[in-house]
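Listed below are the residues making up each chain.
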Protein chains: 4
Amino acid sequence: MEIKNIAEVLNYALEYGRKHINKGNVATYIPELAKVDKNLLGVSIVTIDGRRYHAGDWQQEFSIQSISKTISLIFALEHFGSEYVFSKVGMESSGDPFNSLDKLETKNKYPSNPFINAGAIAVAGLIADKYEFEDYLALVRSLCGRDSIEIDENIYMSENETGMLNRSMAYLMKNSGVLDTDVEETLKFYFRMCSVKINTNDLANYASILANDGVEVKSGIRLIDKYTIKIVKSLMVTCGMYDGSGEFAIRAGMPAKSGVGGGIVASAENKMGIGIFGPAIDAQGNSIGGYHILEYLSNELGLHCFSRELSNVVY
Amino acid sequence: MEIKNIAEVLNYALEYGRKHINKGNVATYIPELAKVDKNLLGVSIVTIDGRRYHAGDWQQEFSIQSISKTISLIFALEHFGSEYVFSKVGMESSGDPFNSLDKLETKNKYPSNPFINAGAIAVAGLIADKYEFEDYLALVRSLCGRDSIEIDENIYMSENETGMLNRSMAYLMKNSGVLDTDVEETLKFYFRMCSVKINTNDLANYASILANDGVEVKSGIRLIDKYTIKIVKSLMVTCGMYDGSGEFAIRAGMPAKSGVGGGIVASAENKMGIGIFGPAIDAQGNSIGGYHILEYLSNELGLHCFSRELSNVVY
Amino acid sequence: MEIKNIAEVLNYALEYGRKHINKGNVATYIPELAKVDKNLLGVSIVTIDGRRYHAGDWQQEFSIQSISKTISLIFALEHFGSEYVFSKVGMESSGDPFNSLDKLETKNKYPSNPFINAGAIAVAGLIADKYEFEDYLALVRSLCGRDSIEIDENIYMSENETGMLNRSMAYLMKNSGVLDTDVEETLKFYFRMCSVKINTNDLANYASILANDGVEVKSGIRLIDKYTIKIVKSLMVTCGMYDGSGEFAIRAGMPAKSGVGGGIVASAENKMGIGIFGPAIDAQGNSIGGYHILEYLSNELGLHCFSRELSNVVY
Amino acid sequence: MEIKNIAEVLNYALEYGRKHINKGNVATYIPELAKVDKNLLGVSIVTIDGRRYHAGDWQQEFSIQSISKTISLIFALEHFGSEYVFSKVGMESSGDPFNSLDKLETKNKYPSNPFINAGAIAVAGLIADKYEFEDYLALVRSLCGRDSIEIDENIYMSENETGMLNRSMAYLMKNSGVLDTDVEETLKFYFRMCSVKINTNDLANYASILANDGVEVKSGIRLIDKYTIKIVKSLMVTCGMYDGSGEFAIRAGMPAKSGVGGGIVASAENKMGIGIFGPAIDAQGNSIGGYHILEYLSNELGLHCFSRELSNVVY
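Residues numbered from 1 in each chain as written. Chains lettered and ligands numbered in written order. Predicted model: local features only at pLDDT ≥ 70, side-chain atom pairs only at ≥ 80, totals over all residues.

Details of the overall build of chain A
As a reminder, the rule being used: Only DSSP runs of H or I with at least four residues qualify as helices, and only runs of E with at least two residues qualify as strands; both kinds are numbered from the N terminus onward. Our radius of gyration is a C-alpha quantity, and the globule rule it is checked against amounts to 2.2 Å times the number of residues to the power 0.38. Any residue whose C-beta has 12 or fewer other C-beta atoms within 10 Å is treated as exposed, any with 20 or more as buried, and any in between as partly exposed, C-beta atoms being built from the backbone. Contact between two residues is assigned whenever their backbone-derived C-beta positions fall within 7 Å.
Secondary structure assignment for chain A yields 13 helices and seven strands. For a compact globule of 315 residues, the expected C-alpha radius of gyration is about 20 Å, and chain A comes in at 18 Å, within 12% of that figure. Counting across all 315 residues of chain A, residues that qualify as buried make up 63%. Contacts in chain A between residues at least 24 apart in sequence constitute 69% of all its contacts with a sequence separation of at least 6.

Here is the structure:
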């Protein structure tokens, strides 16, 4: 059985990812995001036996954006139960871009899933109605293992000023009764969620908990319920990479969630958590460097959940 | 570590599945399917160490329907390569019913994926252009481990006579150039694919090969290429259960593909293959008894790919 | 040549209209509208030689709702010119309900026409950006020939509180840049436009100006430009009765515009203006009693623009 | 009152139309149509007092294409009655291109109107089920006043071979039960209808009957029922120029119907019939030269049905 040097593989993966950066671009619909250097690329790994690896711009902070949708889903599932949450949002791929109106006018009563914008706004509405933003932020800090995590106020204000498409879908859900709460309050909560500043080490910590069945690696403390984690990781496989989720499941084969800020959180079951930052994104909204890093790591470290190739590797 | 008696669990699973039959109905859009007794329910298991279990109406033959889409995809991938196949069909959930026109008119140049009707017709066109139906049938027989597998001519004629929606989408793809081949020849090939008669034992054999990384359990012979199997199982997770794939991934957590004839093939990675027959189907087109059997088996035997619960069970 | 007694025909028309009231219902999406008595029905006629006829509940005041869209279009055309106005809104039927998002997300950059909600909001944005509401109200008063016309504040507040679907489409247009102005300011202007209280005599006055090529009947003063009137009446034929415009053109054959408050303004070219009030509306949002009154009058008085039947009647 | 010299106005109109040809192109989806010289442009007028004017390439024959949809509607209305016909097809603008699937899958049970392809195929199915093509052709000959009118066999074969989109929509209607008849038989009838060869004089004859309330100008014989003509002309106004009908109603203000072969038939109520040929078509499928000729004639001869400008002209 082969012994892999993860640190070395990680450096190659970074180089491989870098080659694809020029095919992507930073998100421009939020002015603050457009200011980021598109050539940044960083990655962190935390294995479920507690080792930690970094490469590239892993210390760079960036806004969590849609990766927050997995944490708000965890929050909502654990505070309201799955039955109530899934009475407000579906469990299926939408087949449409993440920022689409999701056929809410013509076909769907509820948003397709909690990972497209409309669905995440619906979940944010549930939380905002009963909890303070600080309660949610406490969960982010706990899962990322860093108490100093805060909002980037510039990002927040930029999102709030320019988020007209999100307002449109929120009012559409208000109209149909999916959203019970005040639209502007809900959107403020949602934009705050998206504006949380993290780095790849934070994401890798969170990812290692996902990979370790909800249990924090270093402490052995369960932070996410077993039933919750099954739901969240399954949805990450089917809907986590926007309308590129199907191809990513083929290429990398692990639950992952991306954000338009360039972050990706990915969980290799029973093996490791991976955090990525690469602000050049592809047409679907996924970090293009990060996507290729994950494909590379999946192949080299045997992380694909439906391939036996290398899956007995010791590293 | 717990020792499970699979035979006993299987009987309980069957009973659990039966309770849900009354919420479904046999497919009626093909007259021949409407004649089937909706109360039938059967299941077979083949473990990757070669044990075999059956319960209920496992000897009953039925038409394979959309489960054939996984085998035609395997055929196409192995004969034409993934690059060519995926130049004709996508890898993403459509977010629409299996028999929809899949936004082929308004949005998509190519069908969303090979498991909705439009995509499977596109793949059938590729095969029909270069191979005989007997070539395809040989692969079905090989994967199911039974040389006597044949078409049900009544089903075939019934599909061919009534398949107007499939004709509509085939002509739409002919119009846009996705389909190069003769529409009626392609449809005949497709309807024949759907009309193959199998039983749950056949499906469990096929499923055990999927669970065993493409290698036939009893012979140790590789029947499906490693790269092909990764693609097919990943797509089964994201798109295999029609527009109910997301919820099934949460509830059962294994690659599966259903057919409106009531069959389901499901692969529990490294553990077992499962074949189901239950012609009462739900609104998404999935066997309602079979769906619940799989959820039950997943929970009791620890088959969910993203849950550590019971995953170290010995059975 | 036949001599018709208009007063008598009008009474028969009212009776005919009344028979259809039970097939409609008052609009319920604005709470204030839901309080109106659905059995009310009134009609006024002003001929272009200045005669005036009334029947039924013609003195009853009601909110003008979408009929205002014709007056705001006149205002915009005369203040900004047709080129600028039609750079922000189209001239075609949408094929969708009046309160649809009008494919603004998926297909159209601009709203299909100025008579569906999205289009009227876009036009309201143009006006609100440069003029006071009083300027617009002055035109309403002038065209209806009554200086005491005011807003119904309860209707306005009800619309403003509940108009979430209109908000959704306004933010969608804000997002795409169709709407340059502040969304809430624009919506306030739009809801005020819809909340103007009028009666059928007011509408008949306005309609008589439309029928008289833009010239006020009693004074001989031109109130609407020749080019403007051609545009507005043509659009009333193709889009004035929501997604029932095609059938209405067949049945009644005259430019008309309805509102969900139950009003209809209709112009029989060179003959007469007709104002209707009947709050029971059909599935398309048109006064069901009013629709039948207009069909009856068209047949009896020879008002259909593409039928020579009775068109030489003297009345 | 002004006296106009129609012959002179017609020549200016032709020159005006010619200037716009370069902005259009011949239809290319039917190979035979792509062979036509795009610079051809001709026009004929027949007044309701029997005068006849021509300009340009008026003797050139071309395929009638969608103009046939008005004649098949007349045929169907007179043989089956409006109630039956409109139980199979709607009366509203679709808001979509003429060759769209017209939301038949997702929204509409029946095609929106008889002038988009789907609707015309539905009407052709009604006729093909009970009558021979010769019966229909006899009506074309009668309305155009020329017994030698025939099909262009090359056009017919070209349409039949390449009409995959029409096949797609026909099978969609077969699937939903809108079409009762054999799809291929119906399409043959429809393609034959489209392939009839005419010139602008033929169209002007037909148009003069429309303008004259259904009565042939020279003989005084009624060829179209009064009720039928009201329906057909009203639909021509709301849906006759495809998804450019609204703008055309504003600019030219008369019932008209175009075909992708470059023909337009237009009826100026009580005044004249106009036939056009100009194979360069715009994005909506309307002859671009013809469109401008009609706008010019409408302005110069006072033909707009909602403008009093020049409407008392003597010519």
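The structure having been displayed, the exposition proceeds.
Remarks on the domain arrangement of chain A
All names here are of chain A. To keep things clear, this is the line we draw: Start and end positions for the domains come from either an automated domain assignment or a database one. Classification convention: Asp, Glu, Lys, Arg as charged; Ala, Val, Leu, Ile, Met, Phe, Trp, Tyr, Cys, Pro as nonpolar; all other residues, Gly among them, as polar.
Domain annotation for chain A reports domain 1 (6-65 + 197-301) and domain 2 (66-194). With 34 residues of domain 1 at the contact, the number on the domain 2 side is 34 residues. Here the side of domain 1 that touches domain 2 is composed, by residue class, of 17 nonpolar, eleven polar and six charged.

Regarding the relation of the copies chain A and chain C
Short version of the rule: Our superposition of the copies is a least-squares fit, built on the C-alpha atoms of residues whose pLDDT is at least 70 in both.
Screw-axis analysis of chain A against chain C gives a translation of 0.0 Å along the axis, an RMSD of 0.0 Å, and a rotation angle of 180 degrees. As the rotation angle and translation indicate, the two copies are arranged about a two-fold axis. The C-alpha atom lying nearest the rotation axis in chain A is that of S168 of chain A; the distance is 2.0 Å. Most of the interface of chain A is mirrored in chain C, where 100% of its interface residues are also at the interface.

Quick look at the sheet that holds strand 5 (residues 256-258) of chain D
All names here are of chain D. What counts, and what does not: Pairing between strands is defined by DSSP: at least two bridges between the two strands are required. Lines fitted to C-alpha atoms define the axes, with helix axes restricted to the stretch in contact, and inter-axis angles between N-to-C directions lie between 0 and 180 degrees.
Taken in spatial order, the five strands line up as 2-1-7-6-5 in an open sheet, and their pairing is antiparallel. Strands with a single pairing partner mark the edges of an open sheet, and in this sheet they are strand 2 (52-56) and strand 5. Each neighbouring strand pair of the sheet contributes to a mean axis angle of 10 degrees, computed without reference to strand direction.

Focus on the relation of the copies chain B and chain A
Copy one and copy two of the chain differ by a rotation about a common axis and a shift along it. Of the transformation superimposing chain B on chain A, the axial component is 0.0 Å and the angular component is 180 degrees, with the fit at an RMSD of 0.0 Å. Of all interface residues in chain B, 100% are interface residues in chain A too; the two copies therefore contact each other through one and the same surface.

Some points on the interface of chain A and chain C
Taken residue by residue, the interface counts eleven residues in chain A and eleven residues in chain C. Partitioning the side of chain A that touches chain C into residue classes produces five nonpolar, three polar and three charged.

Some remarks on the packing of helix 3 (residues 68-80) of chain A against helix 11 (residues 226-239) of chain A
Residue and element names in this part refer to chain A. Definition in use: Helix crossings get a hand from a simple test, with the near helix turned counterclockwise from the far one by less than a right angle marking a left-handed crossing and a clockwise turn marking a right-handed one.
Closest axis-to-axis distance for the helix 3/helix 11 pair is 10 Å, and the angle between their directions is 150 degrees. By crossing handedness, the relation of helix 3 to helix 11 is classed as right-handed. On helix 11, the residues touching T70, L73, I74, L77 and E78 of helix 3 are T228, I231, V232 and M236. Its residues assigned to classes, the contact of helix 3 with helix 11 comprises six nonpolar, two polar and one charged.

Structural notes on the UniProt feature "binding site: substrate" (unreviewed entry) in chain A
All names here are of chain A. Which entries qualify depends on this criterion: UniProt positions are given in the numbering used here, feature names are shortened, and annotations may be inferred rather than shown by experiment.
In the numbering used here, UniProt assigns the feature "binding site: substrate" (unreviewed entry) to S66, N117, E159, N166, Y190, Y242 and V260. As for its position among the elements, E159 is in helix 7 (residues 153-162). The exposure class of E159 is buried, given the 26 C-beta atoms found within 10 Å. Among the structural elements, V260 can be located in the loop between strand 5 (256-258) and strand 6 (263-268). Those residues in contact with V260, other than ones at most four positions away along the chain, are A27, L33, Q65, S66, I281 and G285.

Examining the environment of E153 of chain B
Residue and element names in this part refer to chain B. By the secondary structure assignment, E153 is in helix 7 (residues 153-162). A count of 11 C-beta atoms within 10 Å places E153 in the exposed class. Put simply, E153 and P279 are 126 residues apart on the chain and 19 Å apart in space, counted from C-alpha to C-alpha.

Some points on the environment of A34 of chain D
Residues and elements named next belong to chain D. Tracing the sequence through the fold places A34 in helix 2 (residues 31-34). Remark: the alpha-carbon pair of A34 and A120, spanning 86 residues in sequence, is separated by 23 Å. The contact partners of A34, leaving out residues within four places of it in the chain, are V26, A27 and T28.

Re the interface of chain B and chain A
Taken together, the contact between chain B and chain A spans 33 residues of the former and 33 residues of the latter. Here the side of chain B that touches chain A takes nine residues from helix 11 (residues 226-239) of chain B, the largest share from any one element. When the residues that make up the side of chain B that touches chain A are grouped by side-chain class, the tally is ten nonpolar, twelve polar and eleven charged.

Focus: the confidence of the model for chain A
Low pLDDT marks regions whose predicted coordinates should not be analysed in detail. Convention followed: Each residue carries a pLDDT value, the predictor's own confidence for that position, ranging from 0 to 100.
Scored by pLDDT, chain A has a mean of 94; 98% of the residues are at 70 or more. Scored by ipTM, the complex comes to 0.95, with pTM at 0.94.

Details of the pairing of strand 7 (residues 272-277) of chain A
Residues and elements named next belong to chain A. The buried fraction of strand 7 amounts to six of the six residues, a majority that puts the element mostly inside the structure. Burial of strand 7 is two-sided: the residues M272, I274 and I276 facing one way and the residues G273, G275 and F277 facing the other way are all buried. Here strand 1 (residues 42-47) pairs with strand 7 via six bridges, running antiparallel. Bridge pairing links V43 to I276 in strand 7.

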